[in-house]
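Observations on chain architecture
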Amino acid sequence: MERFLQWQAATDGYILLPDQAEWAESETAYRTLNIIVLMRKIKILLGLLLLSICSHAQQRPQYSLYYQNNYILNPAIAGIEDYFDTKLSYRNQWLGINGAPTTTYITSQGPLGNIEKGHHGIGFNVIEDRTGPTSQLTIDASYAYHIPLTKRIKIAFGVSAGATQYSLATDQLVLDQNFDPAVPKNRASQLVPDLVAGIWIYSEQFYFGASMTQLLPSQVNFNTQDKNPLNRLQPHQFVTAGYKFFLTEDISLTPSVMIKHVSPVPVSFDLNGKLQYKDIMWLGTSIRRTDGFSLSAGFYISRSLNVSYAYDYTYSPLQQYTSGSHEIILGLQLGNKTGVRCPKMNW
């Protein structure tokens, strides 16, 4: 496994071994390099390098159940239902690898005004993501406006603004020497502004959305003397669409796609399928290009409570070290006065 990467402390970059050139072009490698750049001049053991990977090239956390909470990626969703939709989630990625990514979040969003007409939506999210000695805490507030296009179709525009604190627990690092002037003592952190914008076109039967995160140009430099341009936070683009087909009166099928891009790696995508029985339960699956697949399920326990779960299996080079990833969402539909347990816009 040491053939994956050789890090040279005296240089500003990294050297990939020849037989790993193909691996370096994958989305998984990109996140590795992002985190390594933040720890410039540090020789970290191989295990830490593996733990610092976040698949699909994202500097942001990865989610499998985003289609159960599209608001986590697109602020235009805020206010789409006639109640406040609150989600609490925990994700444990790559179970079995010590220090692997864990993500915890709470989101809440709801409408202001009559949702049958043009109306406003507001919301917030708090997201904590940890990977080995690194962590990031994001707090954003959102605003959206929904405009009817026809009797059944609406369009919404949304924006989220806040800040993200990036932290590095340097006391958890294993160094070649006891003291390195490039490594801050104990803990280093940096606060950067955060801005997200999105659009969402929808009806009860279909949806199309696009969003972009990390819109503000920022850099994370724990060492103030090292302004490496490779530490720049890159904008993330997301485009998604889905359509709900009724197979019978009680059973529906919603295929969907999520396309993701962050420079400089190639575009990646997820193919999803969700089979639902009435407003009681659903089963789902997702396939990620070059990474793995996910199996998921959910139950609408009451008109105020629902739960979703996903298991991820990877066929990336990490396969031999992990038994998979787990993600769970607890949903609270606060103020839902209808007798329906699942959301009206339930794709």
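Okay, so let's go over this structure. (Residues numbered from 1 in each chain as written. Predicted model: local features only at pLDDT ≥ 70, side-chain atom pairs only at ≥ 80, totals over all residues. Heavy atoms only, no water.)

Brief notes about the overall build of the protein chain
Rules: The numbering of helices and of strands both runs from the N terminus, where a helix is a DSSP run of H or I of at least 4 residues and a strand a run of E of at least 2. With a 1.4 Å probe rolled over the protein chains alone, any residue whose accessible area is under 20% of its type maximum counts as buried; one over 50% counts as exposed, and the rest are partly exposed. Contacts are residue-level and defined by heavy atoms, with any inter-residue pair within 4.5 Å sufficient.
Check the secondary structure of the protein chain and you find 3 helices and 19 strands. In the protein chain, buried positions account for 52% of the 347 residues. Once local pairs closer than 6 in sequence are excluded, the contacts in the protein chain between residues at least 24 apart make up 59%.

Topic: the side chain of Asp270
In plain terms, the rule: Counting of polar contacts relies on pairs of N or O atoms within 3.5 Å, with two restrictions inside protein: one atom must be capable of donating a hydrogen and the other of accepting it, and residues adjacent in sequence are counted only when both atoms are side-chain atoms.
By the secondary structure assignment, Asp270 is in strand E15 (residues 268-277). Side chain to side chain, Asp270 and Lys260 meet in a polar contact 3.2 Å long.

Concerning unusual backbone geometry
A cis geometry characterises the amide bond from Ser263 onward to Pro264, with omega recorded as 10°. On the secondary structure map, Pro264 appears in the loop between strand E14 (251-262) and E15. One non-glycine residue, Trp94, adopts positive backbone phi at about 55°. With respect to the helices and strands, Trp94 occurs in the loop between strand E3 (84-92) and strand E4 (102-112).

Observations regarding the pairing of strand E12 (residues 236-243)
Two faces, one strand: in a regular strand the side chains alternate between the faces of the sheet. The test is simple: Pairing between two strands requires that DSSP report at least two bridges joining them.
Residues of E12 alternate between two faces, with His236, Phe238, Thr240 and Gly242 buried on one and Gln237, Val239, Ala241 and Tyr243 left unburied on the opposite face. Examined bridge by bridge, strand E9 (residues 206-213) and E12 share 8 bridges and lie antiparallel to one another. Following the sheet pairing, Ala210 is matched in E12 by Val239. For E12 and E14, the ladder comprises 7 bridges, and the chain directions are antiparallel. Bridge pairing in E14 links Thr240 to Met258.

Things to note about the pattern of salt bridges
Any two side chains of opposite charge can pair, so long as their charged atoms come close to each other. Spelled out, the test is: Salt bridges are defined by distance alone: a side-chain nitrogen of Lys or Arg within 4 Å of a carboxyl oxygen of Asp or Glu.
With the rule as written, the count across this model stands at 11 salt bridges. Note that Lys87 is salt-bridged to Asp85, the shortest N-O span being 2.8 Å. Note on Asp85: relative accessible area 9%, which makes it buried. As a salt-bridge pair, Arg130 and Glu128 come within 3.0 Å of each other at their nearest N and O atoms. The class of Arg130 is partly exposed, set by a relative accessible area of 38%. The structure contains a network of salt bridges with shared partners spanning Arg91, Lys260, Asp270, Arg288, Asp312 and Glu327.

Things to note about the environment of Thr254
As for its position among the elements, Thr254 is in strand E14. On the accessibility criterion, Thr254 (4% relative accessible area) is buried. Spatially, the C-alpha atoms of Thr254 and Asn272 are 8.1 Å apart, while their sequence positions differ by 18 residues. When sequence neighbours within four positions are dropped, the list of residues in contact with Thr254 reads Tyr243, Lys244, Asn272, Gly273, Lys274 and Trp347.

Some thoughts on a nonpolar patch on the surface
Put simply, the rule reads: The patch calculation keeps residues exceeding 30% relative accessible area without a salt bridge and links them within 9 Å when they carry like charges or within 5 Å when they are nonpolar (Val, Leu, Ile, Met, Phe, Trp, Tyr). Surface accessibility follows the Shrake-Rupley procedure with a 1.4 Å probe radius. Residue values consider only the protein chains on display as shielding.
A contiguous nonpolar surface patch, about 710 Å² in accessible area, is contributed by Phe84, Leu112, Ile122, Tyr143, Tyr145, Ile147, Phe157, Val159 and Leu334. Per-element tally for the nonpolar patch: the top contributor is strand E6 (residues 134-148), with 3 residues. Note on placement: Phe84 falls in strand E3.

A closer look at the packing of aromatic side chains
Note the following rule: Here a pair means two rings of Phe, Tyr or Trp (six-membered ring of Trp) with centres within 6.5 Å. Their orientation is stacked below 30 degrees between planes, edge-to-face above 60, and tilted elsewhere. Note on geometry: a ring has a charge over it if NZ (lysine) or CZ (arginine) is within 6 Å of the ring centre and within 35 degrees of the ring normal.
The final tally for this structure, using the stated rule, is 9 aromatic pairs. When the ring of Tyr243 is compared with that of Phe245, the centres are 4.8 Å apart and the planes differ by 50°; the resulting orientation is tilted. Judged by its relative accessible area of 41%, Phe245 is partly exposed. Three or more aromatic residues link up through ring pairs in this structure, and these residues are Trp200, Tyr202, Tyr207 and Trp347. For Lys274, the ring lying beneath its charged end belongs to Trp282, and the centroid distance is 5.2 Å.

Quick word on the nonpolar core
To keep it simple, the criterion reads: Here, nonpolar core refers to any group of buried Ala, Val, Leu, Ile, Met, Phe, Trp, Tyr and Cys residues whose side-chain atoms link them within 4.5 Å.
Counting residues in each nonpolar core, the largest one holds 15 residues, and the members touching the most others are Tyr63, Leu65, Tyr66, Ile72, Leu73 and Tyr105. Those residues within four positions of Tyr105 in sequence are excluded, and the remaining contacts are Tyr63, Asn69, Ile72, Lys87, Leu88, Ser89, Val126, Ile127 and Ile329. Membership of the second largest hydrophobic core comes to 12 residues, among which are Ala78, Ile80, Tyr202 and Trp347.

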